[in-house]
Amino acid sequence: MFDFPIFEMPTIGLRMLMAINAIIHVFVSHGGAVGGSVVLALAAWWANKRNDMASYETVYRLLLVFFIITTSVGALTGIGMWIHANIISPNAIGGLIRVFFWKWFIEWIVFNFEVVLLLFWFMTWKEKALTPEGRAKSVRFGVFYAASSWVTMLIITAILGFMLTPNFDGQPWVDPEVYPGNVNYNNALFNPTWFPGLAFRTFSSIAFAAALAIMWTWLITAFSKDEAIRNTREGLIKLFAKIMIITVPVGAALGYYYLLQIPEAARAMIPTAMMTRAFADKMDLMYMIISGIGGAVVVTTIIAYFSPKRMPYIAATLMVSAFLLFWGYEERTREFIRKPFLIYNYMYANGIRVTDVPYLNKVGILKHAVFVDEEKKVIKEDKSNLVEVGHTIAQIECRACHTENGINGLKALTAGWSEAAIRNRINNLPGGGTPYMAPFVGTEAEKDALAAYIASLNKRGEIK
């Protein structure tokens, strides 16, 4: 069950490590790849239809920026996601592959097509720009690239939706004695939040990419020595603003529909997910944040549409910043509201399956920690290694969310607590105040060891 080596990330913690990678990746994949492919294909088609070669050249320069970001930062963070997911929670990634193996395999094939099409589109742009027929063919490459990019989102969104709403009835991977129902792969695939999440992400990504295109158009035209390129600012920014006028309200409406499909218990976690537990009861602050982000997008879009030529760079930057803040919050919130689960109602955030809890409470979790030395998982009769064993338990059950002395550190969180108080807290997890924490799993002796270890963190260095 825990037959994997334990990996820790001191100070930063595993949760923050994954969050940094995931948020950067979603910026690139949504704004650069999926949304960017649609926006740039539209802009290329628009410029070619008007036979506006200066705008067509500016779109190429925009494609250069999106190409570099997508194929460098996007590719690196995409691989990073796989590495981090495998070392942080091998049980979860193994379970997901077990269900979605062929779907993920297809996604990798489509992803390779996407990269090849992007390379081909970019590398042949100049050559095909010489004739109307060549430009029309180039635009078609852009459309194919946009379609393949969207299909990768289509597949990944199904897996993300499954983690939040697994739709247990009849899943092929769940013990039918525990979750009765007809075995049906489609129940896992067509989970309740797949299509609402996909629709919301599709329109929001296009809006995000249009905002990025406005900012880069401003930069390209402002610093170009070519007067014809400088004169393309007004037309292109107005085009991108038109795209935003359509996609922003549609994306917001679909986002609300997606919100309604989320389980009620998960929805109740949103204030904490957005603002931490200390501010969870300050709903006014949450509404102010949402209104601020939405208002910044609406105001800057109006400026871009009605005054594209004179739009200040600060407005374009504010527009992109609002989207970055939005997607950063969206990623944090989407991940957090699943807590205490990694896969809702199936696997806790620490990789322990819900169905295994009764068994592990009987035999202990250390029994299956095959990569841990025996002296670190068997409590001696004189209990001289109690703290060391407790450390092992913390590495298995707590490291997904806590560090020892860094972000969300156990030492700071339990400063001033007695060992008895810590044990009582462990005994009452998740508890009303912390519904996002997974319950302790293991024997009473293991619980004593974990309490002793956590209490020892604030005793080290004490002069007696």
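The rules behind each value
- One numbering rule holds for all chains: residues counted from 1, following each sequence as written.
- The predicted nature of this model means local features are confined to residues of pLDDT at least 70 and side-chain atom pairs, given and counted, to a pLDDT of 80 or more, with totals for whole chains, interfaces and linings taken over all residues.
- Heavy atoms throughout the structure, all of them, feed into the side-chain values; hydrogens and water do not.
- To qualify as a helix, a DSSP run of H or I must reach at least 4 residues; to qualify as a strand, a run of E must reach at least 2; elements of each kind are numbered from the N terminus.
- With residues, only the protein chains shown are counted as cover, and all accessible areas are computed by Shrake-Rupley using a 1.4 Å probe.
- The charged-residue count follows a simple rule in which Lys and Arg add positive charge and Asp and Glu add negative charge, with His and chain termini not counted at all.
- The atom standing in for a charge is NZ when the residue is Lys, CZ when it is Arg, CG when it is Asp and CD when it is Glu.
- Think of it in three bands: residues with accessible area under 20% of the maximum for their type are buried, residues over 50% are exposed, and the middle band is partly exposed, with areas taken using a 1.4 Å probe on protein chains only.
- We call two residues in contact whenever any of their non-hydrogen atoms come within 4.5 Å of each other.

A. Representation of the overall build of the chain in the model. Broken down by element type, the chain carries 17 helices and two strands. Carbon and sulfur atoms form 65% of the exposed surface of the chain, whose accessible area is close to 22100 Å². Here the chain contributes 41 positive and 34 negative side-chain charges, whose respective centroids are spaced 9 Å apart.

B. Just unusual backbone geometry, in detail. Of note, the amide linkage connecting lysine 339 to proline 340 takes the cis form, showing an omega dihedral of 10°. Within the secondary structure, proline 340 sits in the loop between helix 12 (313-336) and strand 1 (341-343). For the bond from leucine 429 to proline 430, the omega torsion is 5°, close enough to zero to count as cis. With respect to the element layout, proline 430 can be found in the loop between helix 16 (419-427) and helix 17 (444-457). Its identity is not glycine, yet asparagine 345 carries a phi of approximately 65°, on the positive side. As for its placement among the helices and strands, asparagine 345 is situated in the loop between strand 1 and strand 2 (347-348). Looking at asparagine 345, the relative accessible area reads 35%, which means it is partly exposed. One non-glycine residue with positive phi stands out, namely lysine 383, at about 60°.

C. Molecular detail of the side chain of threonine 272. Following the sequence through the fold, threonine 272 ends up in helix 10 (residues 270-275). Ignoring any residue separated from it by four or fewer positions in sequence, one finds threonine 272 in contact with Arg277, Ala280, Arg332, Phe336 and Tyr436.

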